[in-house]
Amino acid sequence: SGVNLTALNASNLGSGTVPTARLGSGTASSSTVLYGDQTYKAEPGGGKVKQIVYETAIGEQTMTSIDSTWNVITNPSPTITPTATDNKILIEFYLSNHMEQDAYRTCAYDFQRAISGGATTTRLAYEANNASGNGVGYQSNHISGGTTWLNCYGNRPYVWVDTTYNTTSAITYSGMASPYSASAGNSWFMNSAWTTIMVLTEYE
């Protein structure tokens, strides 16, 4: 019966399997894990990365609309197919943007979500509370003493977490921009000297 075995080293177990009931209290199953207090508990949820999708692009895109109209930045525009309807999708957009000098120029940023076979939602950050007028970011030239400085040049991150997609169909995300200028001119995106990238990460 082993009743007289009082100091058997576990390394001497050469065959068989220790019953789960001997490892801890509670019910062992495919949805529970054994914690350090020797108790079977539900597997912790949330925070798990389910998938990462990204798209890169090199090549300038020009916007001639400079009246604060919201326009879609068409490239890069990666597509992700969620594994569940209630996960979270983190959008990271590293975008280059530069504006002409000698003019007062601004630009606000947001995101567009296009569900395959479903709805297209523009300005996700604004739609979240109908209050985020400048979306997820804002840039402007700096005018000081009559001199305009071009301080809107370089890759900058714009980030949003989408929690309202409610689908397992493919979703395409794109950046949006709202350029404004006090004088005629253009705004440029995706400077050809470096890479623009959008990364989509689905979290459970």
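Residues numbered from 1 in each chain as written. Predicted model: local features only at pLDDT ≥ 70, side-chain atom pairs only at ≥ 80, totals over all residues. Heavy atoms only, no water.

Trainee: Please explain the overall build of the protein chain as it appears in this structure.
Mentor: Within the protein chain, the secondary structure is distributed over one helix and 16 strands. Relative to its 204 residues, the protein chain shows a buried fraction of 35%. Taking as baseline every contact in the protein chain between residues at least 6 positions apart, the subset at least 24 positions apart corresponds to 76%. Of the roughly 11200 Å² of accessible surface on the protein chain, a fraction of 49% belongs to carbon and sulfur atoms. (Helix = DSSP H or I, 4+ residues; strand = E, 2+ residues; numbered from the N terminus. Buried < 20%, exposed > 50% of the residue type's maximum accessible area, 1.4 Å probe, protein only. Contact = heavy atoms within 4.5 Å. Areas by Shrake-Rupley, 256 points an atom, 1.4 Å probe, with all protein chains shown as cover.)

Trainee: I tried to follow the nonpolar core on my own but got confused; where do I start?
Mentor: Generally speaking, soluble globular proteins have nonpolar side chains that are buried together. By size, the foremost hydrophobic cluster in this structure holds 22 residues, and its most contacted members are Leu95, Tyr173 and Phe189. Counting only elements with at least two residues in this core, the list comes to strand S7 (88-99), strand S8 (105-115), strand S14 (171-181) and strand S16 (196-203). (Core = buried A, V, L, I, M, F, W, Y, C linked by side-chain atoms within 4.5 Å.)

Trainee: For this particular structure, what's the right way to read the pattern of salt bridges?
Mentor: Once their charged atoms are close, side chains differing in charge can pair, the charge on each being opposite to the other. The final tally for this structure, using the stated rule, is four salt bridges. Across the salt bridge formed by lysine 48 and glutamate 43, the nearest N and O atoms sit 2.9 Å from each other. Overall, the relative accessible area of 41% leaves glutamate 43 in the partly exposed class. Close ionic contact of glutamate 204 with lysine 50 constitutes a salt bridge, the shortest N to O distance being 3.9 Å. Highlighted residues: glutamate 204 in the segment after S16 and lysine 50 in strand S3 (residues 49-57), separated in sequence by 154 residues. In this structure glutamate 204 comes out as partly exposed when scored by relative accessible area, which is 36%. Take lysine 50: its relative accessible area is 40%, and that puts it in the partly exposed class. (Salt bridge = Lys/Arg side-chain N within 4 Å of Asp/Glu carboxyl O.)

Trainee: What is the right way to look at the pairing of S8 in this model?
Mentor: Residues in a regular strand project their side chains so that they alternate between the two faces of the sheet. Most of S8 sits out of view: ten of its eleven residues are buried. When S8 meets S14, the two strands line up antiparallel, connected through eleven bridges. Across the sheet, the residue bridging to arginine 113 is tyrosine 173, located in S14. Examined bridge by bridge, S8 and strand S10 (residues 137-140) share three bridges and lie antiparallel to one another. Looking at S10, one finds that cysteine 107 is bridged to glutamine 139. Between S8 and the antiparallel strand that follows it, strand S9 (residues 120-121), lie four residues; glycine 117 among them carries a positive phi value of about 75°. (Pairing = 2+ DSSP bridges.)

Trainee: I would appreciate a short explanation of a nonpolar patch on the surface in the present structure.
Mentor: Residues Leu5, Leu8, Leu13, Val18, Leu23 and Leu34 make up a contiguous nonpolar surface patch of about 560 Å² in total accessible area. In this fold, leucine 23 is placed in the segment before strand S1 (32-34). On the basis of relative accessibility, which here comes to 37%, the residue leucine 23 falls in the partly exposed class. (Patch = residues over 30% accessible without salt bridge, like charges linked within 9 Å, V, L, I, M, F, W, Y side chains within 5 Å.)

Trainee: Sorry, what's going on with the packing of aromatic side chains here?
Mentor: Describing an aromatic ring pair means giving the distance of the ring centres and the angle of the ring planes. Tallied over the full model, the rule gives two aromatic pairs. Ring centres of phenylalanine 93 and phenylalanine 111 lie 6.3 Å apart, and the angle between their planes is 50°; this geometry places the pair in the tilted category. Pair noted here: phenylalanine 93 is in strand S7 and phenylalanine 111 is in strand S8, with a separation of 18 residues, a long-range link. Using a relative accessible area of 0% as the deciding quantity, one classes phenylalanine 111 as buried. Above the face of the tyrosine 126 ring, arginine 123 is positioned so that its terminal group lies 4.2 Å from the ring centre. (Phe/Tyr/Trp six-rings, centres within 6.5 Å; stacked < 30°, edge-to-face > 60°. Lys NZ or Arg CZ within 6 Å of the ring centre and 35° of its normal.)

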